[in-house]
Amino acid sequence: MEVFIAQLLNGLSLGSIYVLLVTGFNLMVLVARIIQFAYPHMVVLSMYACWEVLQLTNNMFLAILSCIAVSVILNILSEPIFRRLTNRESIDINASFVVSMSMALVITDIMSHSLNYGFPIAFPASWVGESLIRFGLIILSKGQIYAFGGGIIAVLIFFYLLYRTKQGRVFRAMAENRYLARLVGIPIVKTSIFSYFIAGLLGGFIAILFSVFLGSASPHLGEFVALKVIATSLVAGLGNLKGGLVCGLLLGVAEVMVMGYISGSWSNAIAFIMMLLIVLIKPQGLFGIKI
Amino acid sequence: MKKNNILKIKDISVSYGPIRALNNISLEVNEGEIVVLIGANGAGKTSLLKSILGIQKAQSGSILFLGSDVTRKATDKIVSSGICLIPEGHVIFSSMTVLENLQLGAYYNTYDMSKNLKRVFEWFPILRERSSQIGGTLSGGEQQMLAIGRGLMSNPKLMMVDEPSLGLAPKLVSEIFNILIKLNKEGYTILLAEQNAKKALECGNRGYVLEIGKIALQGNTQELMNNSNVRQAYLGSSV
């Protein structure tokens, strides 16, 4: 039972990271109208930035700051590229997929050639929090607790912002009906750029959570995660924020449970077979496509 | 009584690719008026309203709103200066609540939002009852009321209403037109585009008849109603 609880906590931590990733991805789908395949890659690159700063200065605050800054800058920089594919009423969503895939490949290549000689990076113990905390038979590292708490809080805050604030309402309005959003006076281009900024901010935070949770990163981490993010959002229904919340958490828990009880090497195959079945049975996703 | 000019359109033309939708249209709306724009389907009523709001840019001519040129301005700037358009087909944000729809109408007008909200609820008590309900679950008439309420939330100096009667039962159509007349009496200036010429002419002060992108006739609604061409083409009576 204790093992199960420990695994469940781990699963929820990983799940909340997936939820944040899927939500950032869906925000771009809904507001900017692009498929941003490279979003997780940008998160991983921000983890690298965080690691570099930790190596150079050993200053945690500076590392957090640079991680978020890099993520915001990367996302904002991609905006002018995608804007060429869009106009006010419609967007070529397929073209955006191709463009973001090339971005993703370039980022992966940069990480595997130029950063840390292509070797995986490991975050220092002080960052991950090696000290262990015991509850009966459950042993958790501090990092696991931070990732769990931070992940859940971030999800709550982000969904509060989306559903209870004016800016969140504006994002959802633009997602639902761009034409009507324009009629009520929402500045479409400005709001779209702002969504890149918010996605970047969120990405930086995900990078911090991820680095604490995993304690390491490798050049190809972005690819693994990107596949899961896009698959999760398709299973939930592309652009469905609430669906992403449920499916992200489920994926995290399922993955950790498979790792814990069956075999780690099968967790990807099981996750993707389940997704394949769901998409075959419900092509619109479990919760419905929202664009 | 000299009335202030709110909207003054001079010789605008709008084309979609090679197709010319509007041809040298001139039109004026004065403060406190209901100006009706009648014409058959495809005559260019919606195109005209869209070009006033900057959604479809006019290729030539000028649009003055409250004395300033808005011809080349972006839609959000035009909306924030005080024009609202209630589009045809009672369009609302159907996955959002009634309250959220109204709040979105006040994008530039958050300052007196609660006051406006109270006023809209006074106009449309049904919206208060349904305020936490999802917009898409409202009936057609309620959705049209919500669309009008959303427009009112922006404190518009000019309300443009496109085909409010579209897809509504006759009883509801009369109700919506009565609301527009009441709003006008409260001081709202309205530009109304409508296929239902009889109803529209009954409630307006002045009118313009649009035919294939051109103004065919203009004048007092009384004059228009008595005009034999209008009677024949739009009011369905034999002369």
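Structure shown above.
Quick notes on the rules
- Per-chain numbering applies: the sequence of each chain, read as written, is numbered from 1 onward.
- Lettering of chains starts at A and numbering of ligands starts at 1, both following the order in which they are written.
- For a predicted model such as this one, the threshold for reporting local features is a pLDDT of at least 70, and the threshold for listing and counting side-chain atom pairs is 80 or more; totals across whole chains, interfaces and linings nevertheless cover every residue.
- Numbering of helices and strands runs from the N terminus, with a helix taken as a DSSP run of H or I at least four residues long and a strand as a DSSP run of E at least two residues long.
- A radius of gyration in this sense is built from C-alpha atoms; the matching globule rule multiplies 2.2 Å by the number of residues raised to 0.38.
- Here, residue contact means that the backbone-derived C-beta atoms of the two residues sit within 7 Å.
- Three exposure classes are used, based on other C-beta atoms lying within 10 Å of a residue's own C-beta, which is placed from the backbone: buried for 20 or more, exposed for 12 or fewer, and partly exposed in between.
- Lines fitted to C-alpha atoms define the axes, with helix axes restricted to the stretch in contact, and inter-axis angles between N-to-C directions lie between 0 and 180 degrees.
- Each angle gets one of four labels, with under 35 degrees taken as roughly parallel, over 145 as roughly antiparallel, 65 to 115 as roughly perpendicular, and the rest as oblique.
- Crossings are classed by handedness, with left-handed meaning an anticlockwise turn of the near helix from the far one by less than a right angle and right-handed meaning a clockwise turn.
- Just so you know the grouping, Ala, Val, Leu, Ile, Met, Phe, Trp, Tyr, Cys and Pro go in nonpolar, Asp, Glu, Lys and Arg go in charged, and all remaining residues, Gly too, go in polar.
- At least two bridges found by DSSP between two strands are what make those strands a pair.
- Multiplying 1.5 Å by the helix residue count minus one yields the expected span of that helix.

**Q** Tell me what's going on with the overall build of chain B, and back it up with residues and numbers.
**A** When helices and strands are tallied, chain B shows ten helices and ten strands. Taken over C-alpha atoms, the radius of gyration comes to 17 Å for chain B, in line with the 18 Å a tight globule of 239 residues would show. Along the longest, intermediate and shortest principal axes, the C-alpha atoms of chain B span 50 × 40 × 40 Å. Expressed as a percentage of contacts within chain B between residues at least 6 apart in sequence, the contacts between residues at least 24 apart total 66%.

**Q** Which residues make up the overall build of chain A, and what values go with them?
**A** Of the regular secondary structure elements, chain A holds twelve helices and four strands. C-alpha extents for chain A along the principal axes are approximately 60 × 45 × 35 Å. Every one of the 291 residues in chain A was classed for burial, and the buried ones make up 49%. If you take every contact in chain A between residues at least 6 apart in sequence, the share linking residues at least 24 apart comes to 78%.

**Q** Please give an account of the packing of helix α1 (residues 2–32) of chain A against helix α9 (residues 188–214) of chain A that cites residues and values.
**A** All names here are of chain A. With their axes 9 Å apart at the nearest point, α1 and α9 run at an angle of 165° to one another. Here α1 lies roughly antiparallel to α9, going by the angle between them. Note that α1 runs across α9; the crossing there is left-handed. Contacts between α1 and α9 involve Ser13, Leu14, Ile17, Leu20, Leu21, Gly24, Leu27, Met28, Val31 and Ala32 from the first element and Thr191, Ser192, Ser195, Tyr196, Ile198, Ala199, Leu202, Gly203, Ile206, Leu209, Phe210 and Phe213 from the second.

**Q** Break down the environment of Trp123 of chain B for me, citing the residues and quoting the values.
**A** All names here are of chain B. Within the secondary structure layout, Trp123 lies in helix α4 (residues 113–123). Residue Trp123 is classed as partly exposed on the basis of its C-beta count, with 17 C-beta atoms lying within 10 Å. Remark: the alpha-carbon pair of Trp123 and Asn24, spanning 99 residues in sequence, is separated by 38 Å.

**Q** Could you give me a rundown of the interface of chain B and chain A, with the residues and numbers involved?
**A** With 18 residues of chain B at the contact, the number on the chain A side is twelve residues. Of all the elements in the fold, those that place two or more residues in the side of chain B that touches chain A are α2 (75–81) and α3 (98–105) of chain B. Its residues assigned to classes, the side of chain B that touches chain A comprises ten nonpolar, five polar and three charged.

**Q** Go over the sheet that holds strand β5 (residues 68–69) of chain B, please, and point to the residues and values.
**A** Residues and elements named next belong to chain B. One open sheet holds the four strands; their spatial order is β2-β1-β4-β5, and the pairing between them is antiparallel. Unpaired on one side and paired on the other, β2 (19–30) and β5 mark the two borders of the sheet. As paired elements, strand β1 (residues 5–16) and β2 share eight bridges and run antiparallel to each other. Paired with Ser15 across the two strands is Arg20, which belongs to β2. Contacts from helix α1 (residues 45–52) reach β1, β2 and β4 (60–65), with the element oriented near 65° to β2.

**Q** Requested: an account of the packing of helix α2 (residues 39–57) of chain A against helix α3 (residues 60–83) of chain A, with residues and values cited.
**A** Residue and element names in this part refer to chain A. α3 packs onto α2 with a crossing angle of 145° between their chain directions and a minimal axis gap of 8 Å. As for how α2 packs across α3, the hand of that crossing is right-handed. Of the residues in α3, those touching α2 at Met42, Val43, Leu45, Ser46, Ala49, Cys50, Val53, Leu54 and Thr57 are Leu62, Ala63, Ser66, Cys67, Val70, Ser71, Leu74 and Asn75. Residue composition of the contact of α2 with α3, by class: twelve nonpolar, five polar and no charged.

**Q** Just give me the short version of the pairing of strand β3 (residues 34–38) of chain B, but keep the residues and values in it.
**A** Residues and elements named next belong to chain B. Of all five residues that make up β3, five are buried, and the element is covered over most of its length. Where β3 meets strand β8 (residues 190–194), five bridges bridge the pair, whose relative direction is parallel. Within β8, the position partnered with Ile38 by the bridge is Glu194. Bridge analysis of β3 against strand β9 (residues 206–211) gives four bridges, and the strand direction is parallel.

**Q** Could you give me a rundown of unusual backbone geometry, with the residues and numbers involved?
**A** Glycine aside, residues mostly have negative phi, and peptide bonds are mostly found in the trans state. All names here are of chain B. One non-glycine residue, Leu66, lies in positive phi territory at about 50°. Along the chain, Leu66 falls in the loop between β4 and β5. Notably, His90 is not glycine yet its phi reads approximately 25°, a positive angle. Within the fold, His90 resides in the loop between β6 (83–86) and α3. The exposure class of His90 is buried, given the 25 C-beta atoms found within 10 Å.

**Q** Quick rundown of helix α6 (residues 140–152) of chain B? Include the residues and the values.
**A** All names here are of chain B. Given a rise of 1.5 Å per residue, 13 residues ought to cover 18 Å, and the 18 Å separating the end C-alpha atoms of α6 matches this to within 8%. A large share of α6 lies buried, amounting to eleven of its 13 residues. Glu142, Gln143, Gln144, Met145, Leu146, Ala147, Ile148, Gly149, Arg150, Gly151 and Leu152 are the residues of α6 that are buried. Buried residues in α6 make contact with β6, α3, α4, α5 (125–129), β7 (158–162) and α7 (170–185).

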